[in-house]
Protein chains: 2
Amino acid sequence: MSAGEGSGKQLLQTVQAIDRIFKARSVAVVGVSSDPAKLGYMTLESILKGGYDGRVYPVNPRGGELLGLKVYKSLSQLPGRPDLVVILVPARFVPGVLREAAGQGIPGAVILSAGFREAGRADLEEEIAAIARETGLRFAGPNIQGINYLPNKLCAMFFPVITTRGPLAVVAQSGSVTAALSEWAAGEGLGISAAINLGNQTDLCEADYLEYFSTDENTGAVALYLEGIKNGRRFLEAAARATLRKPVAVLKAGRSETGRLAASSHTGSLAGRHEVFSGACRQFGLINAGSLDTLYDYARGLAALKEPRGNRVLSISTSGGMGTLAADEAGAEGLVLPPLPDGLVREIQSLGISPLAHLANPIDLGYVPSEGFKPVVLLADKYEAADIILLNLGDPMPGMPEIAVELAGRIKAALAVSYAGGGEEEKKGRPAMMAAGIPVFSSPERAIRGIGAAVRATRFRRERQAGEGAYSLSLTDLPLRDKAAESRLITEPEAVQYLKRYNIPYPEHGLARSAEEAVKIAAGTGYPVVLKIVSPDVAHKSDAGGVITGLETPSQVREAYDRILARVLAAVPGASIEGVLVCRQAPQGLEVIVGALEDEVFGPAIMFGLGGIFTEVFQDVSFRIAPLMPFDAAEMIRETKAYPLLRGIRGQTPCDIQALEQLLLAVSRLVMEHREIKELDLNPVRVFKEGLLVLDARMGVFVGMGLV
Amino acid sequence: MSAGEGSGKQLLQTVQAIDRIFKARSVAVVGVSSDPAKLGYMTLESILKGGYDGRVYPVNPRGGELLGLKVYKSLSQLPGRPDLVVILVPARFVPGVLREAAGQGIPGAVILSAGFREAGRADLEEEIAAIARETGLRFAGPNIQGINYLPNKLCAMFFPVITTRGPLAVVAQSGSVTAALSEWAAGEGLGISAAINLGNQTDLCEADYLEYFSTDENTGAVALYLEGIKNGRRFLEAAARATLRKPVAVLKAGRSETGRLAASSHTGSLAGRHEVFSGACRQFGLINAGSLDTLYDYARGLAALKEPRGNRVLSISTSGGMGTLAADEAGAEGLVLPPLPDGLVREIQSLGISPLAHLANPIDLGYVPSEGFKPVVLLADKYEAADIILLNLGDPMPGMPEIAVELAGRIKAALAVSYAGGGEEEKKGRPAMMAAGIPVFSSPERAIRGIGAAVRATRFRRERQAGEGAYSLSLTDLPLRDKAAESRLITEPEAVQYLKRYNIPYPEHGLARSAEEAVKIAAGTGYPVVLKIVSPDVAHKSDAGGVITGLETPSQVREAYDRILARVLAAVPGASIEGVLVCRQAPQGLEVIVGALEDEVFGPAIMFGLGGIFTEVFQDVSFRIAPLMPFDAAEMIRETKAYPLLRGIRGQTPCDIQALEQLLLAVSRLVMEHREIKELDLNPVRVFKEGLLVLDARMGVFVGMGLV
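Residues numbered from 1 in each chain as written. Chains lettered and ligands numbered in written order. Predicted model: local features only at pLDDT ≥ 70, side-chain atom pairs only at ≥ 80, totals over all residues. Heavy atoms only, no water.

Engineer: Go over the overall build of chain A with me, naming the residues and quoting the values.
Structural biologist: Helix and strand counts for chain A stand at 23 helices and 30 strands. Each principal axis of the C-alpha distribution contributes one length, and for chain A these read about 95 × 75 × 40 Å. Buried residues in chain A amount to 63% of all 708 residues. Within chain A, contacts between residues at least 6 apart in sequence are counted, and of these 73% link residues at least 24 apart. With the model as given, the accessible surface of chain A reaches about 25,600 Å², and the carbon-plus-sulfur share is 50%. (Helix = DSSP H or I, 4+ residues; strand = E, 2+ residues; numbered from the N terminus. Buried < 20%, exposed > 50% of the residue type's maximum accessible area, 1.4 Å probe, protein only. Contact = heavy atoms within 4.5 Å. Areas by Shrake-Rupley, 256 points an atom, 1.4 Å probe, with all protein chains shown as cover.)

This is the structure we're talking about:
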């Protein structure tokens, strides 16, 4: 499936196909069973328990009756054509059922059956893919738990049966994660709009569901759990559109693989795929969680919190402890607890609520009943003291759900609730507020996480919607490489040829094939100079003694030339030597790394980090997917911890950040237009008060593809 | 209260006093009320609901009957002398009740009443403190929710009434946090041994309870929530003893104050108090949580997990997703998921459990019933494949509680359970396992956190118990300073006098009062030299132009001398100049910072970090409380991210880490023996392959205390 396929007409057709599946008004369930332990029984039971009010046609060659319904012997014997067929037969029978369904004009299927690619039967999987392509029938699965679309009360999922309808759509690779997120949302009264797990994604895939739910009027936010990504570029394309419409929280498993995926080049060793994914999330507005709990916290905040105007939070509590815990977490989520306006403090004081009230943010009201919160919230809102008001409950608060619901309707600020330490009142009160569209969390820190997610998602949406040049992920056909494709390092003069084409500044230089030629070149570039070996057989120039810096005179250059050759040949006996690069030595400046790599999932990605050993030690790097937009380049520099160094702290000279942004954009163009590049390391890049210079370029290319 | 007071006989008396309170066999409740909304009613009701089987004497001047009990008009009218008096009368009446109780020989009190120091009545608080000192009656509170000691079924706490007994003792500054942790533990079936909140800690304080619960046979682990710490040194002393007996998890609020507490010196600006606290936790084995949820996860793991032999975890799941999430979190908690022994894989394969099983760690068994786990766990244990086996459930698992309990009794490895995505079976199954002493978590990551805590606590205990020189916090009387105490910077030559006494290496140097004298000194130290201004009026030498480096000749020294004076006088007009320090310039080396500061809570603390602007940008510093033991010095160096730089990565020369450890120990002795020191910054310290040199020393001392 090529990257461009997701656009235009085809995209619309896919969204409509999913819509027909979720909103089917009649369903055939093929492969029902009378054994309650079998999925063929459980799934039919789920549909009934879910309250589906369309027609249900169980199908099994044996016929008979099941759960009060007539069982049909085959699809052809149904009294009417169903909108959807849910398939539970063994894998080898699935192609037949699918063909029969397509032949009857049934537009969609949900295939729960396992036993395809994951069980060594890629042939069966290709067969059902071909049926979809040929007939136009679209399907979810195979190898899934099923689908649950609550606005249609259609729970065609063997487990769990969730009927608490709410704003959250759950899309997860794993059935267990689908179940856990759905159960949590239902148990707390938040509810879900839909749940689906991804399985083999033979036809419909994560990008399609993301596209669908971002346009679904019954969904307020999407929680996404991913393990692999089927088509990285299409996924990003869908994400870029989706996050401008609806907030999306995502958790991607595989953080811990980073180490194992250490590639040969320096950039690669830092990157791993997860850092590329994290960069992509920032770039396309996906709210990236680090654990299942945080994914749920983010999802709760995104699904239920009213769009916050900004990032200012006011915590109001009867517990000093709960307030402090909220304040402690705020910074990590990019939130602030602003001081209270004097007028507000005076007005609250005049209410005489409690002699022990502590009237700073976080506000501790002392021990007051629920009613005591109301005037404080209304006053705070009148003063626009915050963008989000957190009712940070730490005691049993009878009557609070009603008050919270009333307040949510009356105030301009967004309203969130943390309820902990409230015993039976807590258990009773939380679902009621959640059901009323107020996100309720089980602890102050979790509340802050949910609020933080909503603030970030809203900010992203507003900034991107307001941006002059909207984001354009110009996705021409970019076949991602086989990760096993062979590659080789090219020499630095070859790499410099690429840089030149993109006006990437590299020191004055020349390639010498004798000591005298080196002296001549140095005379042209000016002293001091650096000498570097040029050999396709020397991967690590410095380690092999192939670099000598600080040469000030012709005699030093002559001596260094001979020394380099001797050292390199001692280190790499028989190395083919193409010559010695003579470069004008650059002035002092801050060193950074700029890199690019071909990510297995997303294709070309760009890296930025502070240079030298510090990059390795502090892992302070940022990634974005190419092509970069100017704001991507700006953001990826600013999000590193090292950014203050570039701006110039403690009397350091500020660096030319604009030049660095231009370099990142140039590297992005370079790798987008030269698909033979597998990896590129500009390390170090020395940045000056004005301008910069790439001091070393290391490039790996795929074998068999033409160079510049 | 002085730091030494906690030791010996007095310590034993305190533990016995708390024991008498918790294990009281008869309780007078003074200030009962017939209004169910009043604490005087709620507390009496809690005692009855809690199932207390000792005698209960409600006291109220009005007499009568309440909740089926006779109400006595005063303490003096009770038919017998109670072991404990619980006090709920208004603050102004508390001293009277306390005196009456002491007069009758009642040994302990729990004072719930508020209205003391926190309400501006420090006098009342001093009065009750004096009564305790004079009479020997010990008390908890005032201004608390109460105490709950389940082995005695004594819930003298107005809220909540927790009756699910288990291994966890909850000690929290905040009543809401006490309630939240207790409710969570009870709701999940873990249960608690005791709950107490700290309030004003006028008599008994956090250190006392920590001491008590670490020796309480009914408590397996302690969860501690702190806001301030009443007496830092006593707390550490108690913690040092407690963590060798029982695991202790702690959450300290106030992380976010770090920034606000930025002190004037560079070290201070990085330190904040929370980093000092975190260092103290590592030093004394407290398992330090960053949020309320994590505190609970840690507490669950510490309270219920069998002592793990090591840090190797095997995850066994029916869900690939849940297994991956556990693996992802393991690294952050210091855990590893080792590969499976070949023999084990073969034996599991021969069981023929599921064709879709993925037999690597994390193991995904495919969809198997609970019974399918049993042989796999037993085989894994036979092969000693892991120190902890995590049953990582992601599906409904009927029968699992029974199997888990059986397995826990049969295997050598510790057993933990994560149960998520299991619907009704999950809700039903979790408490049963928890009650059986198997920690159950709601997600894989939370399970890994709890396991990580248990592994760290066990490792700490074993290492310290096995250590040759046991930890000795030689706590002589060290009155902590008034944080407002005035201090001043001393000049570098004065600071160097301190360094000399402790053989801390500083470059050869001399103080010049003329350019010629500077040249003479330079001839003695040898070139190149550095010149530095010496003036009590110049706080930031470099900023004022008061430092010139790299001087190679007498004429350069002469010129530099005059230039320094001119620049400093231009920058700080009228500055009193004591001269110019001439120092032999040190060779190249890695720069680090070593510092000390007088922490408000813990007194002298030592800091270590990578030097220069990187310390500030990456906040990569470590703290310990003085006096340091040799292993503290070693650990605080090794726990920084920069440690690989010191060891020498990427062809860098390794640094003399032993010399650095010696420096840290010397600085520790210096500040312990010179209590006039408020802050000390050795920045930079240049570390060589052999040895090191302090290149700059900055010291602040408290005004009015004698110098060396």
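Engineer: Outline the pairing of strand β12 (residues 221-226) of chain B, listing residues and values.
Structural biologist: Residues and elements named next belong to chain B. Within β12, six of the six residues are buried, which leaves the element mostly enclosed by the surrounding structure. The alternating pattern of β12 places A221, A223 and Y225 on one face and V222, L224 and L226 on the opposite face, and all of these are buried. As paired elements, strand β10 (residues 165-172) and β12 share five bridges and run parallel to each other. Pairing of V171 across the sheet is with L224, part of β12. (Pairing = 2+ DSSP bridges.)

Engineer: A description of the environment of A:L124 should follow, citing residues and the corresponding values.
Structural biologist: All names here are of chain A. Relative to the assigned elements, L124 resides in helix α4 (residues 122-135). C-alpha of L124 to C-alpha of A523: the two residues are 399 residues apart in sequence and 70 Å apart in space. Every residue in contact with L124, bar those within four places of it in the chain, is listed here: A91, R92, P95, G115 and F116.

Engineer: Lay out the UniProt feature "domain: ATP-grasp" (unreviewed entry) in chain A in plain terms, naming residues and giving numbers.
Structural biologist: Mapped onto this numbering, the UniProt entry gives "domain: ATP-grasp" (unreviewed entry) at residues 496-532 of chain A. As a span, residues 496-532 of chain A carries 46% helix and 22% strand, and end to end its C-alpha atoms are 13 Å apart. (UniProt positions renumbered as here; feature names shortened; annotations may be inferred.)

Engineer: Report on unusual backbone geometry, specifying residues and quantitative values.
Structural biologist: Note that the residue after A:G141, namely A:P142, is joined by a cis bond; omega there is 0°. Mapped onto the secondary structure, A:P142 falls in the loop between β7 (138-140) and β8 (146-149). The amide bond that connects B:F159 to the next residue, B:P160, takes the cis arrangement and shows omega of -10°. Relative to the assigned elements, B:P160 resides in the loop between β9 (154-157) and β10.

Engineer: Give me the lowdown on the pattern of salt bridges, citing residues and values where you can.
Structural biologist: Residue and element names in this part refer to chain A. Tallied over the entire structure, the rule returns 88 salt bridges over all chains. A salt bridge links E333 to R456; the nearest nitrogen and oxygen atoms lie 2.7 Å apart. Placement of the pair is E333 in the loop between α11 (320-330) and α12 (342-351) and R456 in helix α16 (residues 444-466), with a sequence separation of 123 residues. Residue classification places R456 among the partly exposed positions, given a relative accessible area of 27%. (Salt bridge = Lys/Arg side-chain N within 4 Å of Asp/Glu carboxyl O.)

Engineer: An account of the domain arrangement of chain A is needed here, citing residue identities and associated values.
Structural biologist: Residues and elements named next belong to chain A. Each assigned domain of chain A is listed here: domain 1 (13-154), domain 2 (162-304), domain 3 (306-465), domain 4 (508-584) and domain 5 (590-702). For domain 1 and domain 2, the distance between their C-alpha centres works out to 25 Å. Domain 1 puts 31 residues into the contact, and the matching count from domain 2 is 29 residues. Taking both sides of the interface into account, the surface hidden between domain 1 and domain 2 amounts to around 2,200 Å²; carbon and sulfur atoms contribute 55%. Contact with domain 2 buries surface across domain 1, with I18, N148 and L150 losing the most and accounting together for 24% of the total. Taken together, the links from domain 1 to domain 2 amount to two salt bridges. The interface formed by domain 1 and domain 2 includes 19 residue pairs in polar contact (both at pLDDT 80 or more). Elements supplying a minimum of two residues to the side of domain 1 that touches domain 2: α1 (8-22), α4, β7 and β8. Across the side of domain 1 that touches domain 2, the residue classes tally to 17 nonpolar, seven polar and seven charged. (Domains from an automatic or database assignment. Buried area = accessible area lost by both parts, 1.4 Å probe. Polar contact = N/O pair within 3.5 Å; in protein donor to acceptor, adjacent residues only side chain to side chain. Nonpolar A, V, L, I, M, F, W, Y, C, P; charged D, E, K, R; others polar.)

Engineer: An account of α4(A) is needed here, citing residue identities and associated values.
Structural biologist: Residue and element names in this part refer to chain A. Between the first and last C-alpha of α4 there are 20 Å, a value that for 14 residues agrees with the 20 Å anticipated at 1.5 Å per step. Listing the buried residues of α4 in full gives L124, E125, I128, A129, A130, I131 and A132. Buried residues along α4 sit against α3 (94-103), β6 (108-111) and β7. Once α4 ends, the next one or two residues include G136, with phi positive near 85°. (Expected span 1.5 Å × (residues − 1).)

Engineer: Help me get a handle on the relation of the copies chain A and chain B, residues and values and all.
Structural biologist: For the pair chain A and chain B, the superposition axis carries a translation of 0.1 Å, the fit reaches an RMSD of 0.1 Å, and the rotation angle comes to 180°. In symmetry terms, the pair is related by a two-fold rotation axis. Every residue of chain A has its C-alpha some distance from the rotation axis, and the shortest such distance is that of A:F618, at 3.8 Å. (Least-squares fit on C-alpha atoms with pLDDT ≥ 70 in both.)

Engineer: Talk me through the interface of chain A and chain B; I want residue IDs and the actual numbers.
Structural biologist: Every contact between the two is made by 60 residues of chain A and, on the other side, 60 residues of chain B. Together chain A and chain B conceal approximately 4,700 Å² of surface at their shared face, both sides included; 62% is due to carbon and sulfur atoms. Here chain A and chain B share two salt bridges between them. Mapped by element, the contributors of at least two residues to the side of chain A that touches chain B are α5 (175-187), β13 (248-252), α10 (292-304), α11, α15 (423-435), α16 and α20 (613-618) of chain A.

Engineer: So what about the packing of helix α3 (residues 94-103) of chain B against helix α4 (residues 122-135) of chain B? Which residues, and what values?
Structural biologist: Residue and element names in this part refer to chain B. Between α3 and α4, the shortest axis-to-axis distance is 9 Å and the interhelical angle comes to 5°. In terms of axis orientation, α3 runs roughly parallel to α4. On α4, the residues touching V94, P95, L98, R99 and A102 of α3 are L124, E127, I128, I131 and T135. Here the residues of the contact of α3 with α4 sort into seven nonpolar, one polar and two charged. (Axes fitted to C-alpha atoms, helices over the stretch in contact; angles between N-to-C directions. Parallel < 35°, antiparallel > 145°, perpendicular 65-115°, else oblique.)

Engineer: Please set out the sheet that holds strand β22 (residues 529-534) of chain A residue by residue, giving values where relevant.
Structural biologist: Within a sheet, each strand pairs with its neighbour through backbone hydrogen bonds, oriented either parallel or antiparallel. All names here are of chain A. Read across the sheet, four strands follow the order β21-β24-β22-β23 without closing on themselves; strand pairing throughout is antiparallel. Single-partner strands in this sheet number two, and they are β21 (509-512) and β23 (547-551). Strand-to-strand, the axes of this sheet are offset by a mean angle of 20°, without reference to chain direction. Strands β21, β22, β23 and β24 (579-584) of the sheet are contacted by helix α19 (residues 554-571), whose axis makes an angle of about 165° with β23.

Engineer: Account for the state of the cysteines, naming residues and giving values.
Structural biologist: Residue and element names in this part refer to chain B. Evaluated as defined, the whole model comprises zero disulfides over all chains. C205 takes part in no disulfide bond, and the closest cysteine sulfur to it belongs to C281, at a distance of 16 Å. With relative accessibility at 2%, the residue C205 sits in the buried group. (Disulfide = S-S within 2.5 Å.)

Engineer: Report on the pairing of strand β2 (residues 55-59) of chain B, specifying residues and quantitative values.
Structural biologist: All names here are of chain B. For β2, a buried count of four out of five residues is recorded, marking the element as mostly surrounded by other parts of the structure. The sheet contact formed by strand β1 (residues 26-30) and β2 spans five bridges and is parallel. Note that in β2 the partner of V27 across the bridge is V56. After leaving β1, the chain enters helix α2 (residues 39-49) and then returns to the sheet as β2, a path that is right-handed. (Right-handed = clockwise from strand over helix to strand, strands pointing away.)

Engineer: Outline empty space enclosed by the protein, listing residues and values.
Structural biologist: All names here are of chain B. The tally for this structure, following the rule as stated, stands at five cavities of 30 Å³ or more. Considered as a void within the structure, the largest cavity measures approximately 40 Å³ in volume. In terms of lining, the largest cavity is formed by A596, L597, E598, P604, V671, R675, I677, K678 and E679. When contributions to the lining of the largest cavity are tallied by element, the ones reaching two or more residues are β25 (590-599) and β28 (677-687). In terms of residue class, the lining of the largest cavity is made up of five nonpolar, no polar and four charged. (1 Å grid on protein atoms, 1.4 Å probe; cavity = no way out; pocket = protein on both sides within 12 Å on 5 of 7 lines; lining within 4 Å. Points joined across faces, edges and corners; volume = space filled by probe spheres on them.)

Engineer: Pulling in residues and values, what's your account of the sheet that holds β13(A)?
Structural biologist: All names here are of chain A. Strand order across the open sheet formed by seven strands is β9-β8-β11-β10-β12-β13-β14, with mixed pairing between neighbours. Looking along the sheet, the strands with just one partner apiece sit at the ends: β9 (154-157) and β14 (287-289). Averaged over all neighbouring strand pairs, the angle between strand axes comes to 20°, with direction disregarded. With four bridges connecting them, β8 and β9 associate as antiparallel partners.

Engineer: Explain the packing of aromatic side chains to me, and be specific about the residues and the numbers.
Structural biologist: Under the counting rule described, the total for this entry stands at 15 aromatic pairs over all chains. Between A:F22 and A:Y149 the ring centres are 5.0 Å apart and the planes differ by 5°, which places this aromatic pair in the stacked class. Taken together, the residues A:F22 in helix α1 and A:Y149 in strand β8 connect sequence positions 127 residues apart. Here A:F22 matches A:Y149 in class, with each residue buried. When the centroid spacing of 5.8 Å and the interplanar angle of 75° are considered together, the rings of B:Y57 and B:Y72 count as edge-to-face. Here B:Y57 is found in strand β2, whereas its partner B:Y72 is found in the loop between β4 (69-70) and β5 (84-87), with 15 residues between them in sequence. Lying over the aromatic face of A:F277, A:K252 brings its terminal NZ or CZ to 5.5 Å of the ring centre. (Phe/Tyr/Trp six-rings, centres within 6.5 Å; stacked < 30°, edge-to-face > 60°. Lys NZ or Arg CZ within 6 Å of the ring centre and 35° of its normal.)

Engineer: Talk me through the environment of B:A17; I want residue IDs and the actual numbers.
Structural biologist: Here B:A17 shows up in helix α1 (residues 8-22). C-alpha of B:A17 to C-alpha of B:N311: the two residues are 294 residues apart in sequence and 39 Å apart in space.

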